[in-house]
Structure formats: structure tokens, C-alpha cells
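# Overview (structure and organization)
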Amino acid sequence: MIIIAGAGHTQSEKYLFDEDKHCFHCNNTSRWILQKTRHFITLFFLPVAPYKTEYTLYCPICGNSVKLDKEKYDQMKRAGSQAFK
Ligand SMILES: [Zn+2]
């Protein structure tokens, strides 16, 4: 029996952060995006279990990002962010 396992699947949630933030990379000030990305182990190309979660805040103009820990992410999300597609 052949088992095809992998780890390429990701799922993400995005929120528009409720405060303007300056980006030192592109020199623009805008509302940054909070993103939670879950990486999954796949079995026969179906996601079965998450093995890593990343929390980032990124500039929507140039994509410059900063990594956050879960506490900081939750705190910023609670502080007032809207779901973003
Ligand atoms: Zn930027």
C-alpha cells in the first residue's frame, strides 16, 4: 500500500487592524493586516492535522511583515479588527 503524505496545505484568516501603522520598508502609512496561518500535514492531499501556526502583521502595500506571538495576535485582534478577505 502506498501512503502519500505531505505538508503543503495552509489555511489563513485575515483581519484589517484598526490602527494606522507606518511601514519603514515602503514608507507608507496604512491599516496593516493581521494574519493567522495554519500549516497542515496532508494525507492523500487532504489536510488532516495542523502542525504549525504563524501569526503575522503585514503591510498591504509592500508585504513587509512582522511575526507576532499568539498573545499579541489575540490582543490586537480583540483591540478592534475587522474580518478581511
Ligand atoms: Zn510597506
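My aim in this report is to walk through the structure given alongside it, one point at a time. (Residues numbered from 1 in each chain as written. Predicted model: local features only at pLDDT ≥ 70, side-chain atom pairs only at ≥ 80, totals over all residues.)

### A short note on the sheet that holds strand 4 (residues 65-68)
Hydrogen bonds between backbone atoms are what pair the strands of a sheet, whose relative direction is either parallel or antiparallel. Quick note on the threshold: Only strands joined by at least two bridges in the DSSP assignment are considered to pair. Secondary structure is summarised from DSSP: a helix means a run of H or I of at least four residues, a strand means a run of E of at least two, and numbering begins at the N terminus for each. Whenever a helix is involved, its axis is fitted only over the stretch in contact; in every case the axis is a line through C-alpha atoms, and angles between N-to-C directions fall within 0 to 180 degrees. By the criterion used throughout, residues are in contact when their C-beta atoms, derived from the backbone, lie within 7 Å.
Overall, antiparallel pairing links the 5 strands, which are arranged 4-3-2-1-5 in an open sheet. Only two strands of the sheet have a single neighbouring strand rather than two, namely strand 4 and strand 5 (81-83). Across the sheet, the axes of successive neighbouring strands diverge by a mean angle of 35 degrees, strand direction being ignored. Lying on the sheet, helix 1 (residues 70-78) is in contact with strand 1 (5-22), strand 2 (29-43), strand 3 (46-58), strand 4 and strand 5; it crosses strand 2 at an angle near 130 degrees.

### Considerations on the pairing of strand 3
Bridging between strand 2 and strand 3 involves 11 bridges; their strand directions are antiparallel. Among the inter-strand pairings, F40 is bridged to a residue of strand 3, identified as P50. Counted along the chain from strand 2 to the antiparallel partner strand 3, the turn is 2 residues long, and its residue F44 has a positive phi close to 55 degrees. Bridge count between strand 3 and strand 4: 4 bridges; the pairing is antiparallel. Along strand 4, the bridge assignment pairs Y55 with L68. With antiparallel pairing between neighbouring strands as the criterion, strand 3 and strand 4 make up a hairpin whose turn holds 6 residues, including G63 at a positive phi of roughly 85 degrees.

### As for the nonpolar core
Rule in force here: The term nonpolar core refers to a set of buried Ala, Val, Leu, Ile, Met, Phe, Trp, Tyr and Cys residues connected through C-beta atoms within 7 Å. Here a residue counts as buried when 20 or more other C-beta atoms fall within 10 Å of its C-beta, as exposed when 12 or fewer do, and as partly exposed in between; the C-beta atoms come from the backbone.
Counting residues in each nonpolar core, the largest one holds 5 residues, listed as F17, W32, L34, C59 and Y73. Discounting residues that sit within four places of it in the chain, C59 has contacts with C23, H25, C26, S30, W32 and N64.

### With respect to the environment of Y55
Structurally, Y55 can be placed in strand 3. The exposure class of Y55 is partly exposed, given the 19 C-beta atoms found within 10 Å. Separated by 22 residues in the primary sequence, Y55 and I33 have C-alpha atoms spaced 11 Å apart. Excluding residues that lie within four positions of it along the chain, Y55 makes contacts with K36, K67, L68, D69, K70 and Y73.

Read these as layout, nothing more, since geometry by itself doesn't imply function.
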